[in-house]
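Each chain, letter by letter, is given below.
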Amino acid sequence: MRPDLAEGSEVGWLVDTAIDIVTIGIIVVGVLSFIIFIYALIRYRRTRQPFALREAPVWLRRIVYLDIAVLLFDLTLLSFNLYAWHEIMIDADDQYLLRKAQEEGAGFVRVQVVGRQFFWAFIYPGADQTFGTTDDYTTGNIMIVPENSYVVVDLTAKDVLHSFFIPEFRVKYDAIPGQRTRVWFKTTEPGTYEIACAELCGDKHYDMRAVLRVVSQEEWEAWVARRSNGVPGIVSGTLHAFGGGEHRQKSFSSSLSHSGSVSVQELSAN
Amino acid sequence: MRTWWLLSLGALVVVVLIIVGALLKRPSYPEGDVVLVGKRVRASGGQSADLVERGRQLYIAMCMTCHGRQANGLPVTPEGLRTQVGEPILARDFTGQTHTAGKVVFKYTWQGWGGEFASDEDLKHVIREGLRGTPMPGFEGLSEEDLDALVAYIKSLHPGWKTFQSPSPPSVRVPSDLDATHRIEEGRALFQQKCVTCHGDPESGRPPIAQPLQWYYPGTDSVLMVTARDFLHEPLRLPDPVDVFRTIRKGIGGTTMNPQTWAELTDDQIWSLVSYIRYLQRQGQEKKQLAQNQE
């Protein structure tokens, strides 16, 4: 079974509907075909019909209507899929998403994703929103994005084909060495989701799994501030504020109480 | 009829032989290529073999592509590794097979300049934070057990870990007036005295006088250039103020960053240098942004 659609996934329903159309259509066509097939097997068995018919019986000639039904189904599927493709891939360029984010008051985040055997690296532009500056930072196997934001993923791979797959957001796109591809999704609520590799890439393919953590706006800002070295007054004590676990929570609060100073014992406790 | 029967029997025999042969031949997965000390996973320093094996599996999944099949820092990726500014680099060699003549040298440790090995906390710090400006990502999401396993595996790769005693890190406090103007001024003066020989003067653009250190990897064409950091154009590997302080106070193992040269500086003066370096980083960032906006 497919996982539940993530809350607020803007275009996930398109993917789901396309899958539903295919599933239901194929069930209908398949069942009808089998009924005709089995009926023909019984009706024209050898004891009853020892010689081949020179031409098809009348009822079988009408089967062309089934062909027309299949054609209609194909056209429905094709048109819906073209619509979905247009909504997800063609229409949604950066300008469009940025405008939409501004209209809705939502955030807009860019992340470069690099697939490697066998982990995902996520490159963030840092506080200045520009890639290639000194405050860029890279995380491994964990992608952190703010809530209520459009996330544009710039996708590539370093060695072999990988496929960037977030089941809950219905995002799946190949990461191709030497090429940059682009996918996007929208987050609403904070939560934790799975990122997987959906292209067999080697013997640890099954282990190529990352975590997508959608955090609240305050957490996101604190994280970016800590990760971007240019921000004064942010010290390591605040590091693992949302790394989870009691251990890290403790060091967070102690660094707060020191107000901008932290001892190395606390650091090493991290 | 008889011919067909013989032919199909022959085909069946061939198929059975192929299957038997495939079963007899040991599969050669990349895991088999990871050479461990003594060819087998060994327990080290009170760590259980299970933990080391788990670390090995994690290493194969997350580290092998850059740190190499033999954990010697020669990446699997054909194009090699580059820093953000485009210099070729190599990942850390955990086995001491290559450039450091049997030694393992970790650079970001409280051991500092003379030391080779790193404490568990130093290793975990780098794994968790990543190294800015290099392909090394920060694996923030790793659980404490996974970090323990990775550290245990790294420590099983060189026999020297057995006798290594980790020093306890000193207590450091970040001054509250870090990034204040008077600190930056003091840091600039100190930088002119102590650092420009190797680092050059970033503000006037004067290049360093000293030559960069080179590490050659025997048997390969790989050269590791250990150049002094250009604070304006390149990020600090670990940008945290405490890490910058530690780097200046303790130096960097395996390089010419020897803290004896500035041993007379007080901790307070070193904090001023940290402030100045942070100031340079911000300047570089603003310059780059300005240049991009003009394009």
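Residues numbered from 1 in each chain as written. Chains lettered and ligands numbered in written order. Predicted model: local features only at pLDDT ≥ 70, side-chain atom pairs only at ≥ 80, totals over all residues. Heavy atoms only, no water.

Glancing now at the overall build of chain B. Secondary structure assignment for chain B yields 9 helices and 4 strands. Across chain B, helices and strands are ordered from the amino to the carboxyl terminus as α-α-α-β-β-α-α-α-α-β-β-α-α. The buried share of chain B, reckoned over its 295 residues, is 48%. (Helix = DSSP H or I, 4+ residues; strand = E, 2+ residues; numbered from the N terminus. Buried < 20%, exposed > 50% of the residue type's maximum accessible area, 1.4 Å probe, protein only.)

As a further point, take the sheet that holds strand β1 (residues 107-116) of chain A. Residues and elements named next belong to chain A. Strand order in the open sheet made by the 5 strands is β3-β2-β1-β5-β8, with mixed pairing throughout. Of all strands in the sheet, those with a lone pairing partner are β3 (137-140) and β8 (181-187), marking the two edges. Ignoring strand direction, the axes of neighbouring strands in this sheet form an average angle of 25°. Here strand β5 (residues 149-157) runs beside β8; their pairing, made up of 7 bridges, is antiparallel. Bridging across to β8, valine 151 finds its partner in phenylalanine 185. (Pairing = 2+ DSSP bridges. Axes fitted to C-alpha atoms, helices over the stretch in contact; angles between N-to-C directions.)

Attention shifts here to the confidence of the model for chain B. Detailed reading of predicted coordinates is not advised where the pLDDT is low. Here chain B shows a mean pLDDT of 81. Residues at 70 or above account for 86%. Below pLDDT 50 for its whole length, residues 27-44 of chain B participates in 39 contacts with residues either more than four positions away or in separate chains. (pLDDT = per-residue confidence, 0-100. Contact = heavy atoms within 4.5 Å.)

Residues and elements named next belong to chain B. A cluster of nonpolar side chains, contributed by Trp5, Leu6, Leu9, Leu12, Val13, Val16, Leu17, Val20 and Leu24, occupies part of the molecular surface with about 910 Å² of accessible area. In this structure, valine 16 sits in helix α1 (residues 2-24). Given a relative accessible area of 44%, valine 16 falls into the partly exposed group. (Patch = residues over 30% accessible without salt bridge, like charges linked within 9 Å, V, L, I, M, F, W, Y side chains within 5 Å. Areas by Shrake-Rupley, 256 points an atom, 1.4 Å probe, with all protein chains shown as cover. Salt bridge = Lys/Arg side-chain N within 4 Å of Asp/Glu carboxyl O.)

Moving on to unusual backbone geometry. All names here are of chain A. A cis amide bond links glutamine 117 to the next residue, phenylalanine 118, at an omega of -5°. Along the chain, phenylalanine 118 turns up in the loop between β1 and β2 (119-124). Not every positive phi belongs to a glycine, and asparagine 141 is a case in point at roughly 60°. For asparagine 141, the position within the fold is in the loop between β3 and β4 (142-146). With a relative accessible area of 13%, asparagine 141 lands in the buried category. Phi at arginine 170 takes a positive value of approximately 55°, unusual for a residue other than glycine. Looking at where arginine 170 falls in the secondary structure, it is placed in the loop between β6 (162-166) and β7 (171-175).

What follows concerns helix α6 (residues 181-194) of chain B. All names here are of chain B. Relative to the 20 Å expected for 14 residues at 1.5 Å per residue, α6 spans 20 Å between its end C-alpha atoms, a close match to the ideal helical length. Within the span of α6, buried status applies to Arg183, Ile184, Gly187, Leu190 and Phe191. Take α6 and look down its axis: the buried residues cluster within an arc of 125°, on one side only. Away from the buried face of α6 by more than 90 degrees, exposed residues Thr181 and Gln193 are located. In the core, the buried residues of α6 are packed alongside α7 (196-199) and α9 (267-294). (Expected span 1.5 Å × (residues − 1). Arc of directions from axis to C-beta.)

All right, on to the confidence of the model for chain A then. Residue and element names in this part refer to chain A. On average, residues of chain A score 80 in pLDDT, and 83% of them are at 70 or above. Mean pLDDT per element in chain A: helix α6 (residues 246-257) is the minimum at 32, and β6 is the maximum at 94. Confidence over residues 230-270 falls short of pLDDT 50; this stretch has 80 contacts with residues more than four positions distant or in other chains.

A separate point is the pairing of β4 of chain A. All names here are of chain A. With 5 of 5 residues buried, β4 is to be regarded as a mostly interior element. Of the two faces of β4, the one carrying Ile142, Ile144 and Pro146 and the one carrying Met143 and Val145 are both buried. Pairing of β4 with strand β10 (residues 209-215), which is carried by 5 bridges, proceeds in the parallel orientation. Within β10, the residue paired with proline 146 across the bridge is valine 215.

Summarising the element assignment, threonine 77 of chain B is placed in the loop between α3 (49-67) and β1 (81-82). For the pair formed by threonine 77 of chain B and cysteine 66 of chain B, sequence separation is 11 residues and the distance between their alpha carbons is 6.9 Å. With sequence-adjacent residues up to four places away left out, threonine 77 of chain B is seen in contact with Arg116, Lys158 and Asp159 of chain A together with Thr65 of chain B.

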